[in-house]
Amino acid sequence: DARQLLQDSDLLGGGKTWEDVATCAKNLASKARLGHGCGINVKLGNGADLVILEIRTHNPLADEVPYPEDCPLRSANDDYDIGVRPDSSTYMVNTRENSVLIGGPKGSGKTTLTYSFLGRLAEMTDQITCVIDLKGDVIEPFVRPYLEHRVSHPAIDWPARTAAQGIRMCEALIRVGKARASAPEYARLKRENNTNLLPVSSALPQFTLVIDEGKGITGTNVTDRELMRLAQLIETVREMYRGQGLNVIFTCLRTIATALGGTDARVQSAILLLLKPKDEEIFNTFDNASGFSAADTPNKGNAFAAEDSQRPEPIGTYNFLPQ
């Protein structure tokens, strides 16, 4: 009983806030004798003196959740799900304007989460997907059906396997962004639709640039001139052309400045996802992370997720298998 827990813990008296309650989430879970992975999530209530306690008696994040087989066609303007919350509801994101930063060590499920994003992008009828994958393991499953003549169109529209190919890709995207920003017909289209964002459609698609294992491009220890040039171009796409229908999904081993080439990547990314992190990474990456720890995301594919500096929450990402 949430009220009994609060009364026993004596947290709301004496001008305490919901942040104070959040810092005691672990103690509350211990008092309730909850099982492993069955924690208490503290949310701001409808008033400054009110909190909402989400108490989990089952941990759905320990269950493998397959990527949904029902994959309807959708638009780049739509919200879409990439996993489940601890209450088993779906976790929704929108990448029409919001850039994504995915961090996680090897074996954390980062590549599988990238597959889910690529799958969702492939379902959009007004979206072109460009992927920079210097290792090649992310691109392969999405182009093989096309190479085997089993489909008429690849799920990835433009793959880049080398730094030179990535530079050519980013330079083309920047040309698209500049043209869309300056062309009178696109300015008129925004006025007609009463929006500051370019209205994307199948005739005027969004371009999403997906970078796998970006540390090898943006890390501070990178000295190759081609890779350094590529890192600059990626940052230009991310910073300048979201309004023109260009966006970035970036994956990296760490979300620290030395891996990202500075803090801009984290600041410019509205959607942050951190898989199997260490405690210090949680607090370095997210705002309002009081009461959380690595123990809240113990399984492969578990992640902390937050959008627009909101309080993060643990989610279980979909398991997207190659077939």
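Residues numbered from 1 in each chain as written. Predicted model: local features only at pLDDT ≥ 70, side-chain atom pairs only at ≥ 80, totals over all residues. Heavy atoms only, no water.

### Points about the overall build of the chain
For step 1, the next point in the chain: From N to C terminus, the chain includes twelve helices and twelve strands.
For step 2, the next point in the chain: A buried classification covers 50% of the 323 residues belonging to the chain.
For step 3, the next point in the chain: Residue pairs at least 24 apart in sequence account for 64% of intrachain contacts in the chain once pairs closer than 6 positions are excluded.
For step 4, the next point in the chain: Put simply, the chain shows about 15,700 Å² of open surface, and 48% of that area lies on carbon and sulfur atoms. (Helix = DSSP H or I, 4+ residues; strand = E, 2+ residues; numbered from the N terminus. Buried < 20%, exposed > 50% of the residue type's maximum accessible area, 1.4 Å probe, protein only. Contact = heavy atoms within 4.5 Å. Areas by Shrake-Rupley, 256 points an atom, 1.4 Å probe, with all protein chains shown as cover.)

### Some points on the sheet that holds strand β6 (residues 127-132)
For step 1, the next point in the chain: In spatial order, the strands read β4-β3-β12-β11-β10-β5-β9-β8-β6-β7; together these ten strands make up an open sheet with mixed pairing. A single partner strand is all that each edge strand has here, and the edge strands are β4 (90-93) and β7 (158-160). The mean inter-strand angle of the sheet, taken between neighbouring strand axes irrespective of direction, is 30°.
For step 2, the next point in the chain: Strand direction decides the pairing type here: strand β5 (residues 100-103) and strand β10 (residues 271-275), joined by four bridges, are parallel. Looking at β10, one finds that Leu 101 is bridged to Leu 272.
For step 3, the next point in the chain: On top of the sheet, helix α4 (residues 110-122) reaches β3 (80-84), β4, β5, β6, β8 (206-211), β9 (246-252), β10 and β12 (313-317); it is set at about 155° to β5, its chief contact. (Pairing = 2+ DSSP bridges. Axes fitted to C-alpha atoms, helices over the stretch in contact; angles between N-to-C directions.)

### Structural notes on the side chain of Arg 238
For step 1, the next point in the chain: Inspection of the secondary structure assignment puts Arg 238 in helix α9 (residues 225-240).
For step 2, the next point in the chain: By relative accessible area, Arg 238 is classed as buried at 1%.

### A few points about a nonpolar patch on the surface
For step 1, the next point in the chain: A contiguous nonpolar surface patch, about 280 Å² in accessible area, is contributed by Tyr 146, Leu 147 and Val 151.
For step 2, the next point in the chain: Topologically, Tyr 146 is positioned in helix α5 (residues 140-147).
For step 3, the next point in the chain: The class of Tyr 146 is partly exposed, set by a relative accessible area of 38%. (Patch = residues over 30% accessible without salt bridge, like charges linked within 9 Å, V, L, I, M, F, W, Y side chains within 5 Å. Salt bridge = Lys/Arg side-chain N within 4 Å of Asp/Glu carboxyl O.)

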